[in-house]
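Secondary and tertiary structure notes
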Amino acid sequence: MNHTRLIIAREYLTQVKNKKFIIITLSIPFLIVGLGLFISFLSNVNSDSIKNITVVDNSGIFENSLLSTDTVKFSFLENLDEEEAKMISQDKNDDALIFIPSVMDIKNIDYVELSKSIKLISEDSPSLTLISSIESKLEKILTDLNYTSSGLDLETIKESKIYINLVQVSFEGEESTKIDGILKMGFGFLLGMLLYMFVFIYGSMILRSVLEEKTSRIIEIIISSVKPTQLMMGKIVGTSLVAFTQIFIWTALTLVVSTLVSSIFGVSTSELNSLDVSDAQVNSGIQTFFSALFNLPLLNIFIAFVFFFISGLFLYGSLFAAVGAAVDSETDANQFMFPLSMPLIIGLYVGIFTVSEDPSGTIPTIFSHIPFTSPIVMMMRIPYGVPIYEQLISLSILVATFFAIVWFAAKIYRVGILMYGQKPSYKDLYKWLKY
Amino acid sequence: MDNLLSIDSVSKHFGDYKALNNVSVDIPKGSIFGLLGPNGAGKTTLIRIINQISIPDTGKVIFKGENLSQKHIRNIGYLPEERGLYKSMKVGEQALYLAQLKGMSRVDAKKQLKYWFDKFQIGEWWDKKIVELSKGMAQKVQFIVTVLHKPSLLIFDEPFSGFDPINANIIKDEILKLRDDGSTVIFSTHRMESVEELCDHIALIHKSNKVLDGNLNDIKRQYKTNTFEVGLVCSEQRVIKQLINAKFNSVDASFKSLGKELKLNITLEPNQTSNELLNFLSSNAEVNHFMEVVPSANDIFIQTINNQK
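A brief structural summary. (Residues numbered from 1 in each chain as written. Chains lettered and ligands numbered in written order. Predicted model: local features only at pLDDT ≥ 70, side-chain atom pairs only at ≥ 80, totals over all residues. Heavy atoms only, no water.)

**Here's the deal with the sheet that holds strand S12 (residues 249–252) of chain B**
Residues and elements named next belong to chain B. The cut-off we apply is this: When DSSP locates at least two bridges between a pair of strands, those strands are taken to pair. Helix and strand assignments follow DSSP, with helices taken as H or I runs no shorter than four residues and strands as E runs no shorter than two, numbered in order from the N terminus. Axis geometry follows a simple rule: fit a line to the C-alpha atoms, using only the stretch in contact for helices, then measure angles between N-to-C directions, giving values from 0 to 180 degrees. Any pair of residues with heavy atoms lying within 4.5 Å of one another is described as a contacting pair.
Taken together, four strands build an open sheet; the order of strands is S12-S13-S11-S14 and the sheet is antiparallel. Unpaired on one side and paired on the other, S12 and strand S14 (286–292) mark the two borders of the sheet. Across the sheet, the axes of successive neighbouring strands diverge by a mean angle of 25°, strand direction being ignored. Across four bridges, the pairing between S12 and strand S13 (residues 262–267) is antiparallel. Residue Asp252 lies in a different strand from S13, and its bridge partner there is Leu264. Packed onto the sheet, helix H8 (residues 237–247) meets strand S11 (227–233), S12 and S13 and runs at close to 5° relative to S13. Its contacts with the sheet put helix H9 (residues 274–284) on S11, S13 and S14, and the angle it makes with S14 is roughly 160°.

As structure tokens, this is what we get:
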């Protein structure tokens, strides 16, 4: 046992002290936060530019009701025909021109007719958001006017208006909303992808580490001191610890950096609060986002991630170790890498295409129990809520398979590390199992 | 004599291939034991069995009177033929790691390493990586790692390969010193001159079978043919030759000498003695060279292998 500890420590320290590892581990969180900043900067730049719009209001209805906002500035002109209006607008180099024709009878306006005759004229077509924002402004003004002219009381209408936001409740009594679904899907994808990535990256790291000992021929000295199985397990555990370290540093550093950045640049909730009008919606959106986030079975996700992550990494790690031992070079490893990575890829695709449709459907349920795909598919399902007993069954299958695979991998490893100069076939591998 | 290690009827298969066939070898305590054999004879397999890298199919290995087991690992030091160290790990760190795997404590390992690094004057390599060292330098590090934990059994597979003559000599002296300090050495090599120089016991393995083993001098005695190499200074070489041939079996010989004497290899019959021969020769000519032909390890090796064919 003491030996295994030494091996784990060496494996861990050499990889953690590796310059490449340090650079990648420390830079990725900054990259993520940087990218986030960049995107928010871009969208800020975009929205910062104020659209200048000339409104030729021959009806005289809109001047006091169509108000400029932070992003759209309306300037009003009257008594111009369409051609004159166009010329003036072009001279002013406006972003767009709204032309409202004059009305016949100021006392008795047909708002429906008027609404049909309003035109938006521009050189290049304005953005959809701009158009819909103008449309909704005009709509509101005309509707209100139309109500009033029909003798309806605006106040009464406002008070009578009913807003619906369906409250979704599960049978366990947990409340959820639409944003929950999106969040669950996003979380599931994130976890599944993370598992997929780490199994691949750290699996090949184990492979390379085995191969290094083989090609540098130090292997014979090591296994004259320790059992090959000890060495293999030490490698797998040591490398998995490196993976944990990386995930831990990434999470912690991303949190720290994003907190720092938001406090320096002031991109925080306080700014969101200072925005007006529809920002009440934004605020409540953030609130629902957080309440949805905390609605997720976070503790379950966390614990399940740790266990499925370890088991998945160990399972694939031992297979990758066996491949590393069987071959002489990384190029030779490819022929065995492909069949090994197939289940991972299948798991990812099954997860992406079936889980969000029906998380407890037959296919996701089956694939979240098959040991080679279960770490990924199960992690994608868990945010939607999977009964604990199902998780435990899946995990038990995974762990049992891991032990079987380790036995099998250790046999190949034991023989393979001392075999040089031949590219083994599957038949050879089968023979080695019996040595 | 006590045996440190007894290999008792060991066989090992790899699939259909029989790597060792019922091999028994005793390795006396305190000896330098030459494990000889052509390439692919099964030496490495036997060494791996002693190192518990492979497990024999049948037979057993007795170490210090007990069945060989994991606890004996720290009593064995092994220098494989294919040398190797972690290329990008620092020398000191690496040596410490390997020593700890052999069961040494970190403190103890550090102390011993300092001793050996000082002895070989390589203290400044401690923080270098193996890739920065020459092949010979790496070999030295590897030798230190092998002997560091003071094992009672040392196994060297071609220990001198990769060393220049000066360093090979240093290593040879160290091996002898380790033997004098009580270690037993198994020495696998193709270089017969180093067998001649170092080994007191040998075993010869050929095609998975042991074909010869024992004390090197006993074996030589067994293989000698009672042949004597003689040099005779005389004027009538042909007459003398006829005279000798009447009584003894002789063939022309060649060896380096200063004069142009008659050179012969004379083989005695079982009833003839060397004194008889010497008296006969000295009464007929002037003897300036008289030496028993003792087979070299090289001769024995080649002869035994050829006899097997």
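**Some words on the sheet that holds strand S6 (residues 76–79) of chain B**
Residues and elements named next belong to chain B. A sheet is described by the order of its strands in space; here six strands give the open sequence S6-S7-S8-S3-S9-S10, paired in mixed fashion. Each end of this open sheet is capped by a strand with a single partner; those strands are S6 and strand S10 (209–215). Here the strands of the sheet are splayed against their neighbours by 15° on average, with no regard to which way each runs. Sheet strands touched by helix H7 (residues 216–223): strand S9 (201–206) and S10. Its angle to S10, the strand with the most contacts, is close to 105°. Packing against the sheet, helix H10 (residues 297–308) makes contact with strand S3 (32–36), S9 and S10, and its axis sits at approximately 30° to S9.

**Some words on the layout of surface pockets**
The following threshold applies: Using a 1 Å grid laid over the protein atoms alone, points where a 1.4 Å probe fits but cannot get out form a cavity; open sets with protein on both sides within 12 Å along at least 5 of 7 lines form a pocket; any residue with an atom within 4 Å of a point counts as lining. Grid points are joined across faces, edges and corners, and a volume is the space filled by probe spheres set on the points. In this classification, the charged set is Asp, Glu, Lys and Arg, the nonpolar set is Ala, Val, Leu, Ile, Met, Phe, Trp, Tyr, Cys and Pro, and all remaining amino acids, among them Gly, are polar.
Within this model, the second largest pocket holds a volume of roughly 1000 Å³. Lining the second largest pocket we find 29 residues, and of these A:Thr14, A:Gln15, A:Asn18, A:Lys19 and B:Ser88 sit closest to its centre. Among the secondary structure elements, those contributing two or more residues to the lining of the second largest pocket are helix H1 (2–16), helix H2 (19–48), helix H7 (178–215) and helix H9 (228–265) of chain A. Ranked by the residues each element gives to the lining of the second largest pocket, the list is headed by H7(A), at nine residues. Here the lining of the second largest pocket is built from residues that sort into eleven nonpolar, seven polar and eleven charged.

**Details of the pairing of S3(B)**
All names here are of chain B. Heads up, the condition is: Exposure is judged per residue with a 1.4 Å probe applied to protein chains only, and the accessible area is read against the type maximum: over 50% gives exposed, under 20% gives buried, and values in between give partly exposed.
With five of five residues buried, S3 lies mostly within the body of the structure. The alternating pattern of S3 places Ile32, Gly34 and Leu36 on one face and Phe33 and Leu35 on the opposite face, and all of these are buried. Pairing geometry for S3 and strand S8 (residues 184–188), over four bridges, is parallel. Residue Ile32 lies in a different strand from S8, and its bridge partner there is Val185. When S3 meets S9, the two strands line up parallel, connected through four bridges. Residue pairing for S9: Leu35 is matched across the bridge by Ala203.

**Let's talk about the interface of chain B and chain A**
Condition: By convention, the term buried area covers the 1.4 Å-probe accessible surface removed from two parts as they join, with the contributions of both added. For this document, the term salt bridge refers to a Lys or Arg side-chain nitrogen within 4 Å of an Asp or Glu carboxyl oxygen. In protein, a polar contact means a hydrogen-donor-capable atom and an acceptor-capable atom, both N or O and within 3.5 Å, with residues adjacent in sequence counting only if both atoms are side-chain atoms; elsewhere, any N or O pair within 3.5 Å suffices.
Every contact between the two is made by 28 residues of chain B and, on the other side, 22 residues of chain A. Buried area between chain B and chain A, both sides added, is near 2400 Å², and the carbon and sulfur share of it is 60%. Contact with chain A buries surface across chain B, with B:Ile53, B:Tyr86 and B:Leu101 losing the most and accounting together for 28% of the total. Joining chain B to chain A, the criterion identifies three salt bridges. Between B:Arg48 and A:Glu220 there is a salt bridge, and its shortest N-O distance comes to 3.0 Å. The tally of links between chain B and chain A comes to five residue pairs in polar contact (both at pLDDT 80 or more). Residue assignment for the side of chain B that touches chain A shows that the elements contributing at least two residues are helix H1 (43–50) and helix H2 (91–101) of chain B. A total of six residues in the side of chain B that touches chain A trace back to one element, the largest contributor, which is H2(B). Partitioning the side of chain B that touches chain A into residue classes produces twelve nonpolar, ten polar and six charged.

**Description of the environment of B:His190**
Residues and elements named next belong to chain B. Following the sequence through the fold, His190 ends up in the loop between S8 and helix H6 (192–198). Put simply, His190 and Pro38 are 152 residues apart on the chain and 7.6 Å apart in space, counted from C-alpha to C-alpha. With sequence-adjacent residues up to four places away left out, His190 is seen in contact with Gly37, Pro38, Asn39, Lys43 and Glu158. Within the local environment of His190, its side chain forms a polar contact with the side chain of Lys43, the two groups lying 3.1 Å apart.

**Let's talk about the pattern of salt bridges**
All names here are of chain A. Taken as a whole, this structure holds 24 salt bridges over all chains when the rule is applied. The closest approach of N and O atoms between Asp328 and Lys214, which form a salt bridge, is 3.2 Å. Taken together, the residues Asp328 in the loop between helix H12 (298–326) and helix H13 (330–355) and Lys214 in helix H7 connect sequence positions 114 residues apart. Of the residues examined, Lys214 reaches a relative accessible area of 1% and is grouped as buried.

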